[in-house]
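Examining the three-dimensional arrangement
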Amino acid sequence: MKNLLFALSLLVLLSKGYGQTYVPSYATVVDQVSESNILTNLTEFENLGVKRRGTAALQNTLDWLKAEYLSYGYTASQLQEYSFTNGSTTCKNLVVTKVGTLYPNTYVIICGHYDTITGKGTNDNGSGVVTIFEVARLLQNIPTEYSIKFINFSGEEDGLVGSQNFVSTVVNATNPKMDIKLVFNIDEVGGRADMTNDTITCERDTGSPTTNNAASNVITNELIACTQLYSPLNTHLSYAYASDYMPFEDNNEVITGFFEKNQTPHRHTSTDLLVNMDPVYVYNIAKAATGAMLHFTVASTSTLASNEFNNDYQVSFYPSPVKDVLHINLGTLTDTRYSFSMVDLQGKVVFNTQVDNANLIEPIAIGGLSKGMYLAVLETSNKRIAKKIIVE
Ligand SMILES: [Zn+2]
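An unreviewed UniProt entry lists the chain under the name M28 family peptidase, with Flavobacterium buctense given as the organism.

Structure follows, in structure tokens:
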């Protein structure tokens, strides 16, 4: 009902020159945001530890990010790492690029940091990381008119070092300068376990330079409209500050952002943990972000391909970590002939076998692979299912 009322009020907004109407096929995509993915990914992020510069935990988190994007069907050639100096250490931003159909050289950037300080940072900013994952997963197979860069920044907690480096050494060093339609930053959207979380703060640019402020206002109004059209959340309009969109703002780009309305008291402490936040709120944030990105990138309104691609047919690979024998459970797949591969984080196939007359559960001897994170990939004549597996 709220959406219907909002759709009606949108007609009023339209007459004022704002934005957009409800697109049923976008809602079909948004409906595929997965609450269990959000919970699983928040748990995995938390288990990776304190992601401070120079730590193994930060590097392991980068590997985990890469494996996740590869599992959605992005190829290794779409993943780029940009190293930068952060204090006495080297940190890396991860950028995943999807090329647009009509404006391949104009980018919609969705970003958030993956480094943490003092604590494991499940809210700040695991919540942003898992939100971007769901957007990336659902848009992977949908043509968009604009190109997209999904960016996981490091060095945010050290003073926006990663995003500053990206703007100066990538955005401005590209010839001609990288053309950015807008930057949508997502930071700390986990909510509070002890409160009702039904409102998201939408942030617009009110700072200097002021030449980009009007455009930020327009985009933020579109973000508000999308949030109300595609999620159950209410919106609160505020201003942008102190996160990775600011170096873009200083560079005169058009920015907008999401930040939790109920602010956590656990930020930058050892108790920034899943138990203190609200994963259902993150699930709703992911719906809003997916709807907004479909709108910002002018996604195709045909969703047939994404429905097929994003179904995993409840296929599972276990155990993980695995040592010698990995088991494949076909779930609801009825194919009895498939190929199975293990792919490393560089996209190289390091193991491959063909299974004919497959049983529901098939043991596969994969002994001899070196330790690390891989993708287990099952392919039939018309389906591809990939999941992260750790080999120990
Ligand atoms: Zn943060």
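Now that the structure is up, let's keep going.
**Description of unusual backbone geometry**
The phi torsion of most residues other than glycine is negative, and most of the peptide bonds are trans. The peptide bond linking Asp-124 to Asn-125 adopts the cis configuration, its omega dihedral lying at 15°. Phi is positive for Leu-160, which is not a glycine, with a value near 60°. Note on placement: Leu-160 falls in the loop between β4 (146-153) and α6 (161-171). In the Ramachandran plot, Asn-252 falls in the positive-phi region, its phi being about 70° despite a non-glycine side chain. Since its relative accessible area comes to 38%, Asn-252 is described here as partly exposed.

**Looking at the packing of helix α7 (residues 213-230) against helix α9 (residues 279-296)**
Where α7 meets α9, the axes come as close as 8 Å, and the angle between the chain directions of the two elements is 125°. When the interaxial angle is binned, α7 and α9 end up oblique. In this structure, the crossing between α7 and α9 has a hand that is right-handed. For the pair formed by α7 and α9, the contact residues are Ile-219, Glu-222, Leu-223, Cys-226, Thr-227 and Tyr-230 on the first element and Lys-287, Ala-288, Gly-291, Ala-292, His-295 and Phe-296 on the second. In terms of residue class, the contact of α7 with α9 is built from seven nonpolar, three polar and two charged.

**Re the sheet that holds strand β13 (residues 361-365)**
The antiparallel open sheet is built from three strands, whose spatial order is β9-β10-β13. Of all the strands in the sheet, just β9 (316-318) and β13 have a single pairing partner and so form its edges. When the angles between neighbouring strand axes are averaged without regard to direction, this sheet yields 25°. With three bridges joining them, β9 and strand β10 (residues 325-329) adopt antiparallel strand pairing. Bridge pairing links Tyr-318 to His-327 in β10.

The rules we used
- Residues numbered from 1 in each chain as written.
- Predicted model: local features only at pLDDT ≥ 70, side-chain atom pairs only at ≥ 80, totals over all residues.
- Heavy atoms only, no water.
- Helix = DSSP H or I, 4+ residues; strand = E, 2+ residues; numbered from the N terminus.
- Buried < 20%, exposed > 50% of the residue type's maximum accessible area, 1.4 Å probe, protein only.
- Axes fitted to C-alpha atoms, helices over the stretch in contact; angles between N-to-C directions.
- Parallel < 35°, antiparallel > 145°, perpendicular 65-115°, else oblique.
- Left-handed = near helix turned anticlockwise from the far one by under 90°.
- Contact = heavy atoms within 4.5 Å.
- Nonpolar A, V, L, I, M, F, W, Y, C, P; charged D, E, K, R; others polar.
- Pairing = 2+ DSSP bridges.

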